[in-house]
Every structure is written in C-alpha cells, then in structure tokens.
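Results of the structural survey
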Amino acid sequence: MSRIGKMPVAIPAGVTVSFADGVVTVKGGKGTLTQKIDGDIIVKVEGTHALVEKGHESPALDAKHGLYRALLHNMVVGVSEGYSKSLTVNGVGWKVAKQGKKLVLNVGFSHPVEFEEPAGVTITCPTPNEIVVAGIDKTLVGQTAANIRTIREPEPYHGYGIAYKDEVIERKEGKTGGKGKK
C-alpha cells in the first residue's frame, strides 16, 4: 500500500482538475498541464480535493499509485504557483546574458556558448552571474537547469563552474609545494 498515494491532493481556488479517458488535465492561472495515467488508476475530484485510487491490488500498481499522486500534486502546484531553479556562475570574467530566446554564456571557453530556451520554460538573468529557470512543469524546469549546469559543471579545486544556488561544492586541496625536479 502506498502511503503517498492515499493522501488527497488539495486543489486551491482557481485551479480545476478533470479526468477522462486515462488523461488528467489541470488548469490554473499560469497554464494547463496534462498527464496520461495508467488504465488501472482512477482520479476522483471531490470538492477541493482530488483522490488517486487503484482499480485493483498489485505490487506494480502500488508503486504507480504513489507516483501518479505525486505527479498530480506537482501539476497542481505548477499551475497555481509555478516552479523555479536558480543557478550561479562562478569564474573570473564569466558572465551570462539573455539575447532574445537564447542564453549566451561566457564561461571560460574560447567562444560564447548559446543555449536555446525550450518551450514552456522562461530563462532570466537578474545579474550577470545568476540564471533563473522558471515554468509550470517541474520536470521540464529541473531538466533545463540540469542541462545548463552541464555546460560547465563546478570543479572542486577553484569552485569555478555553473552550480545550483543552494549547492555545496566539496572543495579539494590543490597540489602541495613539495620537492620537485630541478
């Protein structure tokens, strides 16, 4: 039995949840999200709560029960509040800027790197060393932030790289000044 799956999903004012033909649709002030759901899972909307129920008992369905409840919750939060991830750029002379739908990163390469903004996500640069990825789809926001981070991952010796704002980078000690060849 999934304890997560049993919990009801609170539906805030201004958000509507509908379920038909194995697809759940969530509409809110920030947009609309849809999710295809396994045929043995049923979503019932009762007033200000939505319940995710199983058609029968099986271990595989127990896992999906909690999964679809979590996905439904993420959709409701996304269309009502939205999601965002912040990244920081750390390096001497490194900076980022937005040019139209492209994010231009000068991060220590011999050329600037351009990153195309995917549909459904908004990328902003409040400062030359900060990137904010925002949107209503939690998965898409997280994946886009991860893709930007992989352009120049943080390195442990100087701390240079693109890191999440709350990420802690384990720093390593550099080479010691021991005796070398003369």
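Going by the structure above, here's the rest.
Scoring rules and cut-offs
- Numbering of residues begins from 1 in every chain and follows the order in which that chain's sequence is written.
- Side-chain atom pairs in this predicted model are given and counted only at pLDDT of 80 or more, local residue features only at pLDDT of at least 70, and totals for whole chains, interfaces and linings cover all residues.
- Remark: hydrogens and water are excluded; side-chain values derive from all non-hydrogen atoms of the structure.
- For two strands to be treated as a pair, DSSP must find at least two bridges joining them.
- By definition, any uninterrupted DSSP run of H or I lasting at least four residues is a helix, any uninterrupted run of E lasting at least two residues is a strand, and each is numbered from the N terminus.
- For helices, the fitted line uses only the C-alpha atoms of the stretch in contact; every axis is such a line through C-alpha atoms, and the angle between N-to-C directions lies from 0 to 180 degrees.
- Contacts are residue-level and defined by heavy atoms, with any inter-residue pair within 4.5 Å sufficient.
- When accessible area is computed with a 1.4 Å probe and restricted to protein chains, residues below 20% of their type maximum are described as buried, those above 50% as exposed, and intermediate ones as partly exposed.
- Nonpolar cores were defined as sets of buried Ala, Val, Leu, Ile, Met, Phe, Trp, Tyr and Cys residues, with membership established by side-chain atoms within 4.5 Å.

**Details of the sheet that holds strand β11 (residues 121-124)**
In spatial order, the strands read β11-β12-β7-β13; together these 4 strands make up an open sheet with antiparallel pairing. Every other strand in the sheet has two partners, leaving β11 and β13 (161-164) as the edge strands with one partner each. On average, each strand axis in the sheet is inclined to that of its neighbour by 20°, with strand direction left out of account. Where strand β7 (residues 83-90) lies against strand β12 (residues 130-135), 6 bridges are found, and the strand directions are antiparallel. Residue Lys85 lies in a different strand from β12, and its bridge partner there is Val133. Contacts between helix α3 (residues 138-149) and the sheet are confined to β7, β11, β12 and β13, with β7 contributing the most and set at about 10° to the helix.

**Concerning the pairing of β11**
Side chains Val121 and Ile123 project from β11 onto a buried face, and the interleaved Thr122 and Thr124 project onto a face without burial. One ladder, built from 4 bridges, connects β11 with β12; its direction is antiparallel. Its bridge partner being in β12, Ile123 is matched across the sheet by Val133. A loop of 5 residues connects β11 with β12, the two strands running antiparallel in sequence.

**What about the nonpolar core?**
Counting residues in hydrophobic clusters, the biggest one holds 20 residues, and the most contacted among them are Leu103, Leu105, Ile123, Ile131, Val133, Ile148 and Ile162. Of all the secondary structure elements, the ones that give two or more residues to this core are β7, β9 (102-106), β10 (113-116), β11, β12 and α3. Other than its neighbours up to four places away in sequence, Ile162 contacts Leu87, Thr88, Val89, Leu105, Val107, Ile148, Arg149, Ile151, Arg152, Glu153 and Pro154. By size, the runner-up hydrophobic cluster in this structure holds 19 residues, among which are Val9, Val15, Val52 and Leu72.

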